[in-house]
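Chain by chain, the residues:
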Amino acid sequence: MGWVIPVIIVAVIAIVVVWVISIYNGIVTADNKCDNAWQTIDAQLQRRNDLIPNLVETVRGYAKHESATLEAVTEARAAVIEAPTPEAKMEASNALTDTLKTLFAVAESYPDLKANTNFQQLQADLTDTENRISYARMSFNDMVLEYNNAIETFPGSVVAGSRFKPRTGFEVTSPEAREAPKVQF
């Protein structure tokens, strides 16, 4: 009978250790999912960056006096490529999206350009890529939410301690993006 209490104590300690390990592994898994979701965004940003020079050159052939717009797109693309952190890349990517809107607005002024098959294909590819980026951002934000919940709620907050830091998801930073577009006929 004297061995029952030590066995119960060892069993309780083993259960607690397995529980803590399980929580820790869940936090690490959530952290890795965030990294994976970011890598998906990064791959789509690279795809967009690869398409932009072709698009700029196509527009340049038709709209020679729109150099300021073309330079803005090129500079915004370079900022995305050179961004040192995910947060900086997010901000630069948002700026690039805004400059691309300007580029497509310029294209509206050139009927020959709009009818160009190469331009239409590049525009369709870029639109597809923007949709993929949007979806990847939503997925990333979901992963960040899952991770932040894991490290900020009890008992995960105890297990996470100071080793795991909260992450930041994508946010709308441009005031123009929050406004409804104006449609005029």
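Predicted model only: the values in this text are computed from it and were never measured.

A. Highlighting the packing of helix 3 (residues 86-107) against helix 5 (residues 117-152). Look at helix 3 against helix 5: their axes get within 13 Å of each other, and the N-to-C directions meet at 150 degrees. By the angle class used here, helix 3 and helix 5 are roughly antiparallel. Here helix 3 runs over helix 5; the crossing is left-handed. Residue-level contacts link Met-90, Ser-93, Asn-94, Thr-97, Leu-100, Phe-104 and Ala-107 of helix 3 to Phe-119, Gln-123, Leu-126, Glu-130, Arg-137 and Phe-140 of helix 5. Considering only residue class, the contact of helix 3 with helix 5 consists of seven nonpolar, four polar and two charged.

B. The packing of aromatic side chains, seen in detail. Counted according to the given criterion, the structure contains six aromatic pairs. Grouping aromatic residues by their ring pairs yields a cluster made of Tyr-24, Tyr-147 and Phe-164. The ring of Tyr-147 has Arg-167 sitting right over it, with the charged end atom 5.6 Å from the ring centre.

C. A look at the environment of Leu-103. Relative to the elements of secondary structure, Leu-103 occurs in helix 3. Once the C-alpha coordinates of Leu-103 and Gln-39 are considered, the two residues, 64 residues apart in sequence, prove to be 27 Å apart. Contact partners of Leu-103, with chain neighbours within four places excluded, come to Leu-55, Val-59, Thr-69, Leu-70 and Val-73.

D. Main features of a nonpolar patch on the surface. There is a patch of nonpolar side chains on the surface, built from Ile-5, Ile-9, Ile-13, Val-17 and Ile-21 and spanning about 460 Å² of accessible area. Among the structural elements, Ile-21 can be located in helix 1 (residues 4-62). On the basis of relative accessibility, which here comes to 44%, the residue Ile-21 falls in the partly exposed class.

E. Representation of the UniProt feature "transmembrane region" (unreviewed entry) in the protein in the model. As annotated by UniProt and renumbered to match this structure, "transmembrane region" (unreviewed entry) occupies residues 7-27. Along residues 7-27 one finds 100% helix and 0% strand; the C-alpha atoms at either end are 30 Å apart.

F. Representation of the confidence of the model for the protein within the structure. Overall, the predicted model of the protein reaches an average pLDDT of 88, with 92% of residues at or above 70. Element-level mean pLDDT values for the protein span from 57 in helix 7 (residues 175-178) up to 94 in helix 6 (residues 156-160).

G. Structural context of the side chain of Asp-31. Relative to the helices and strands, Asp-31 resides in helix 1. Owing to a relative accessible area of 18%, Asp-31 belongs among the buried residues under this scheme. In contact with Asp-31, other than residues within four places in its own chain, are Tyr-147, Phe-164 and Arg-167.

About the cut-offs
- Residues numbered from 1 in each chain as written.
- Predicted model: local features only at pLDDT ≥ 70, side-chain atom pairs only at ≥ 80, totals over all residues.
- Heavy atoms only, no water.
- Axes fitted to C-alpha atoms, helices over the stretch in contact; angles between N-to-C directions.
- Helix = DSSP H or I, 4+ residues; strand = E, 2+ residues; numbered from the N terminus.
- Parallel < 35°, antiparallel > 145°, perpendicular 65-115°, else oblique.
- Left-handed = near helix turned anticlockwise from the far one by under 90°.
- Contact = heavy atoms within 4.5 Å.
- Nonpolar A, V, L, I, M, F, W, Y, C, P; charged D, E, K, R; others polar.
- Phe/Tyr/Trp six-rings, centres within 6.5 Å; stacked < 30°, edge-to-face > 60°.
- Lys NZ or Arg CZ within 6 Å of the ring centre and 35° of its normal.
- Patch = residues over 30% accessible without salt bridge, like charges linked within 9 Å, V, L, I, M, F, W, Y side chains within 5 Å.
- Areas by Shrake-Rupley, 256 points an atom, 1.4 Å probe, with all protein chains shown as cover.
- Salt bridge = Lys/Arg side-chain N within 4 Å of Asp/Glu carboxyl O.
- Buried < 20%, exposed > 50% of the residue type's maximum accessible area, 1.4 Å probe, protein only.
- UniProt positions renumbered as here; feature names shortened; annotations may be inferred.
- pLDDT = per-residue confidence, 0-100.

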